[in-house]
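Reading the structure
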Amino acid sequence: SSGINAEYGGPVGYVWYGKLEKWLPGTGGLTIAKKLLLDEVAWGPLFAATVFYVLPLVETGNKDFALQELKQKFLPAWLGSAGFWMVLQSINFKFLPLQYRMPYMMAMSFVYDTGLAIYRYQY
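Residues numbered from 1 in each chain as written. Predicted model: local features only at pLDDT ≥ 70, side-chain atom pairs only at ≥ 80, totals over all residues. Heavy atoms only, no water.

With that out of the way, let us pick up the overall build of the chain. Of the regular secondary structure elements, the chain holds four helices and zero strands. Reported as C-alpha extents along the three principal axes, the dimensions of the chain are approximately 45 × 25 × 25 Å. Considering the chain as a whole, with its 123 residues, one finds that 36% of them fall into the buried category. Summarising the internal contacts of the chain: among those between residues at least 6 apart in sequence, 70% fall at separations of at least 24. (Helix = DSSP H or I, 4+ residues; strand = E, 2+ residues; numbered from the N terminus. Buried < 20%, exposed > 50% of the residue type's maximum accessible area, 1.4 Å probe, protein only. Contact = heavy atoms within 4.5 Å.)

Listed below in structure tokens is the structure:
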């Protein structure tokens, strides 16, 4: 999943977080809550679906296996990621200028991706 973050997450995230800041400028509590909600509803499921459907499909070539992985692991992983990222994103949205948000996200994603890989391959 780190490869996905590097190839997909970085460029898409750069655009996404720029748009998010344009739609919801500022660092007030309500604004941050709205950013967190949009981020978890739009970005989180898209990334989780990529990890739990696309990666197994590419690895095995088996659509049924990939769909089973998605059905079995998507919801627990997405809910777990919401807890992890909400804390980190709160810091991100409150204290970091826009130009530092993606480097911060990419650094934090190494920790997240490690946990996600362990979850994906052990369960």
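Let's shift gears to the packing of helix H3 (residues 63–95) against helix H4 (residues 98–122). H4 packs onto H3 with a crossing angle of 150° between their chain directions and a minimal axis gap of 11 Å. In this view, H3 runs roughly antiparallel relative to H4, as classed from their interaxial angle. Seen from above, H3 lies across H4 with right-handed handedness. Split by residue class, the contact of H3 with H4 holds 14 nonpolar, five polar and four charged. (Axes fitted to C-alpha atoms, helices over the stretch in contact; angles between N-to-C directions. Parallel < 35°, antiparallel > 145°, perpendicular 65-115°, else oblique. Left-handed = near helix turned anticlockwise from the far one by under 90°. Nonpolar A, V, L, I, M, F, W, Y, C, P; charged D, E, K, R; others polar.)

Below, the discussion takes up the confidence of the model for the chain. With 92% of its residues at a pLDDT of 70 or more, the chain shows a mean pLDDT of 88. Averaged pLDDT values for the elements of the chain fall to 78 in helix H1 (residues 2–23) and rise to 93 in H3. (pLDDT = per-residue confidence, 0-100.)

Summed over the entire model, instances satisfying the criterion amount to five salt bridges. Taking the shortest distance from any N to any O, the salt bridge between Arg120 and Glu59 comes out at 2.8 Å. Here the residue Arg120 occupies a position in helix H4, and Glu59 occupies one in helix H2 (residues 29–60), the gap between them amounting to 61 residues. Look at Arg120 and you get buried, because its relative accessible area is 5%. The exposure class of Glu59 is partly exposed, given its relative accessible area of 45%. Among the ionic pairs, Lys73 bridges to Glu69, the shortest N-O distance being 3.3 Å. Highlighted residues: Lys73 and Glu69, both in helix H3, separated by four residues, approximately one helical turn. Relative accessible area serves as the criterion here: at 2%, Lys73 is assigned to the buried category. (Salt bridge = Lys/Arg side-chain N within 4 Å of Asp/Glu carboxyl O.)

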